[in-house]
Amino acid sequence: MTPKTSELTWMLTQFVKETSGARAALVTSRDGLLIAHHNLTDDGDATASRLSAITSGVLSLAKAASELLEGETAVNQILMDVGGGCLYIMAAGSGALFTVLASSEADPGVIGLESSLLIKRFPSDMSVPARELTGAAGRPVH
């Protein structure tokens, strides 16, 4: 675990502890790479990785829906109310998404406000640098 990931995990832990109704949280890259999480360890990182992939897929679907509505493709927030709870997905720092799993009793306004405050307080910690693609020989792909 890198120092940045360790700090981010601590921030997510505090967020879940201090935000009423929040069960778990994670930061993921927009393309689904898990960066950090809290309270998603029942199956090791498999649960967190699955949620990262789901988050990225939901973002892609929301962008497509936005295009159909003749809007911009920028998606700022997604709320899914499903059996057993709610899933909140928000644009975080550059290249990143912040996702919260909350109980069905959680107040969406509180989750949204606390998420926004966290993202605004730590924008660089909630950012994912662009990855450089490499080819088979380890050379950058352009």
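Everything numeric here is computed off the predicted structure, so don't read it as measured data. (Residues numbered from 1 in each chain as written. Predicted model: local features only at pLDDT ≥ 70, side-chain atom pairs only at ≥ 80, totals over all residues. Heavy atoms only, no water.)

## Concerning the overall build of the protein chain
Turning to step 1, where the next piece is worked out: A tally of regular secondary structure across the protein chain gives 3 helices and 6 strands.
Turning to step 2, where the next piece is worked out: The N-to-C order of helical and strand elements in the protein chain reads α-β-β-β-α-β-β-β-α.
Turning to step 3, where the next piece is worked out: In the protein chain, buried positions account for 40% of the 142 residues.
Turning to step 4, where the next piece is worked out: Sequence-distant contacts, at least 24 apart, represent 49% of the contacts inside the protein chain between residues at least 6 apart.
Turning to step 5, where the next piece is worked out: Total accessible area on the protein chain is roughly 8,200 Å²; 56% of this is exposed by carbon and sulfur atoms. (Helix = DSSP H or I, 4+ residues; strand = E, 2+ residues; numbered from the N terminus. Buried < 20%, exposed > 50% of the residue type's maximum accessible area, 1.4 Å probe, protein only. Contact = heavy atoms within 4.5 Å. Areas by Shrake-Rupley, 256 points an atom, 1.4 Å probe, with all protein chains shown as cover.)

## Some thoughts on the nonpolar core
What tends to happen in soluble globular proteins is that the nonpolar side chains get buried as a cluster.
Turning to step 1, where the next piece is worked out: If you look at the biggest cluster of nonpolar residues, it comprises 23 residues, and the most contacted ones within it are F15, V27, F98, V100, I111 and M126.
Turning to step 2, where the next piece is worked out: Put simply, the parts of the chain that give this core at least two residues each are helix 1 (3–18), strand 1 (22–29), strand 5 (85–91), strand 6 (96–102) and helix 3 (108–121).
Turning to step 3, where the next piece is worked out: It is helix 1 that contributes the most residues to this core, 5 residues altogether.
Turning to step 4, where the next piece is worked out: Setting aside chain neighbours within four positions, we find V100 in contact with F15, A22, A24, A25, C86, L87, Y88, I111 and S115.
Turning to step 5, where the next piece is worked out: Counting 13 residues, the second-largest nonpolar core is a separate cluster that includes L26, A48, V75 and I78. (Core = buried A, V, L, I, M, F, W, Y, C linked by side-chain atoms within 4.5 Å.)

## Details of unusual backbone geometry
Turning to step 1, where the next piece is worked out: At N39, a residue that is not glycine, the phi angle is positive and equals roughly 70°.
Turning to step 2, where the next piece is worked out: Following the sequence through the fold, N39 ends up in the loop between strand 2 (34–38) and strand 3 (42–44).
Turning to step 3, where the next piece is worked out: Residue N39 is classed as partly exposed on the basis of its relative accessible area of 49%.

Interpretation note: all reported values are geometric properties and have no functional meaning in isolation.
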